[in-house]
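# Structure at a glance
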Amino acid sequence: MAKAGLLTPDLPSLRAGGQLLVETLEHLVEAASPGVTTLELDRLAEGHIRSHGGVPAFLGHRGFPATICASVGEQVVHGLPSDYRLVEGDALSIDLGVKMNGWYTDSAVTVGIGKLEPELARLLTATQGALTVALGEATAGRRTGDLGAAVQRFVESAGFGVIRDCVGHGIGQQLHLEPSVPNFGKAGTGTSFKAGMVIAIEPMVTLGSPEITVADDKWTVLTRDRSAAAHFEETVLITDGEPERLTPLDTVLAKVAGTLSGRLPGVNSGARLGRVA
Ligand code: MG
Ligand code: MG
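Note that this is a predicted model, so its numbers are computed, not measured. (Residues numbered from 1 in each chain as written. Chains lettered and ligands numbered in written order. Predicted model: local features only at pLDDT ≥ 70, side-chain atom pairs only at ≥ 80, totals over all residues.)

### Focus on the overall build of the protein
The helix and strand inventory of the protein stands at five helices and 15 strands. Over its C-alpha trace the protein gives a radius of gyration of 17 Å, about what one expects of a compact globule, namely 19 Å for 277 residues. Taken over the C-alpha atoms alone, the protein extends approximately 45 × 45 × 35 Å along its principal axes. Per-residue burial for the protein yields a buried fraction of 53% across its 277 residues. Counted over contacts in the protein with a minimum sequence separation of 6, partners at least 24 positions apart contribute 73%. (Helix = DSSP H or I, 4+ residues; strand = E, 2+ residues; numbered from the N terminus. Rg over C-alpha atoms; globule rule 2.2 N^0.38 Å. Buried ≥ 20, exposed ≤ 12 C-beta atoms within 10 Å, placed from the backbone. Contact = placed C-beta atoms within 7 Å.)

This is the structure we're talking about:
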């Protein structure tokens, strides 16, 4: 991974890119319904980004062939948009990156297509909750291990698995920068967050084992046991207080209100996005 992000990010560009990214996700989750293909969603995303002054950040990145990653069911991340038609009950993860004036933002959301099985709804709720927990740790002076430990505790106490082999990251004038931001770990260890750092926080959570494998297409990351997975991601600016959420998912999630009704018995999911501990 490249060197750590500058501590003097171009905030107007990051904010504008983040806003465009969120607007694009809003359109995508509204369009994602039974019968729609993930390639149609990809075209929609690319058109919206380009017509608003942004550049699709994933397209061509290390050879990735699309604007969005569309990962369904047991696919965790890096799913390739295709002629697959979404069906009722699918959990669709959309991961999207936008480059604006040379500055990158990166965000992801998992939504239900129609009504989800209760277990799957709980998985989505827990992963969203994990992101909220992580946001509460993303402040100057806390460490990557504090964030990882808090996410891991939250996810595992809900009975789900935390993926180890894919992690969050610094972001700025490149898509992936130091530090790595794992969703597991030991409190008190790792890189200290500093005001001015920009990071992408992205818990990836599974219904079953957290072991992953890569599909024959060389891109799609799958759970090894083929259990379902969910992924929520936001790009944030570290400050001395609450992080500035550059790609806040609240308005995206408002478009799909009702699919995230999974209850988490025994977990204080208090865990509404937007609340930062
Ligand atoms: Mg992403
Ligand atoms: Mg990312």
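Moving on from the model shown.
### A closer look at helix α4 (residues 144-157)
Its 14 residues give α4 an end-to-end C-alpha distance of 20 Å, which sits within 8% of 20 Å, the value for a rise of 1.5 Å per residue. Across the 14 residues that make up α4, a large majority, 10, are buried. Residues of α4 that are buried include every one of T144, D146, L147, G148, A149, A150, V151, Q152, F154 and V155, and no others. At the exit of α4 stands G159, carrying a positive phi of roughly 90°. (Expected span 1.5 Å × (residues − 1).)

### What to know about the environment of E137
Relative to the elements of secondary structure, E137 occurs in helix α3 (residues 118-137). E137 gets classed as buried once you count the C-beta atoms within 10 Å, which come to 23. On a C-alpha basis, the gap between E137 and A66 in space is 32 Å, while along the polypeptide they are 71 residues apart. Every residue in contact with E137, bar those within four places of it in the chain, is listed here: R142, D146, L147 and A150.

### Overview of the pairing of strand β4 (residues 91-100)
Along β4, 10 of the 10 residues are buried, which leaves the element largely enclosed by surrounding structure. Alternating positions in β4 separate into two faces, A91, S93, D95, G97 and K99 on one and L92, I94, L96, V98 and M100 on the other, with burial throughout. In the sheet, strand β1 (residues 55-56) pairs with β4 via two bridges, with the strands oriented antiparallel. Paired with P56 across the two strands is V98, which belongs to β4. (Pairing = 2+ DSSP bridges.)

### Concerning the sheet that holds strand β10 (residues 204-206)
Here three strands make up an open sheet; going across it, the order is β6-β10-β13 and the pairing antiparallel. The open sheet has two edge strands with one neighbour each: β6 (161-162) and β13 (229-231). Sheet analysis places β10 next to β13, joined by three bridges and oriented antiparallel. Bridge pairing links T206 to A229 in β13.

### Concerning the environment of T191
Following the sequence through the fold, T191 ends up in the loop between β8 (177-181) and β9 (198-201). Exposure remark for T191: the 17 C-beta atoms within 10 Å place this residue in the partly exposed category. Separated by 21 residues in the primary sequence, T191 and I212 have C-alpha atoms spaced 25 Å apart. Not counting chain neighbours up to four residues away, the residues in contact with T191 comprise R143, T144 and P179.

### Looking at the nonpolar core
Counting residues in each nonpolar core, the largest one holds 82 residues, and the members touching the most others are A134, I199 and V205. With nine residues, α3 is the largest single contributor of residues to this core. (Core = buried A, V, L, I, M, F, W, Y, C linked by C-beta atoms within 7 Å.)

### Description of the pairing of strand β2 (residues 68-72)
With five of its five residues buried, β2 lies for the most part within the structure. Burial along β2 is two-sided: I68, A70 and V72 and C69 and S71, pointing in opposite directions, are all buried. Across five bridges, β2 lies against β4 in antiparallel orientation. Looking across to β4, one finds that C69 is bridged to D95.

### What about the sheet that holds β8?
Sheet architecture is open: five strands sit in the order β8-β7-β9-β14-β15, paired in antiparallel fashion. Two strands close off the open sheet at either side, each with one partner strand: β8 and β15 (244-245). As defined by bridge partners, strand β14 (residues 234-237) adjoins β15 across two bridges and the pair is classed as antiparallel. Paired with L237 across the bridge in β15 is E244.

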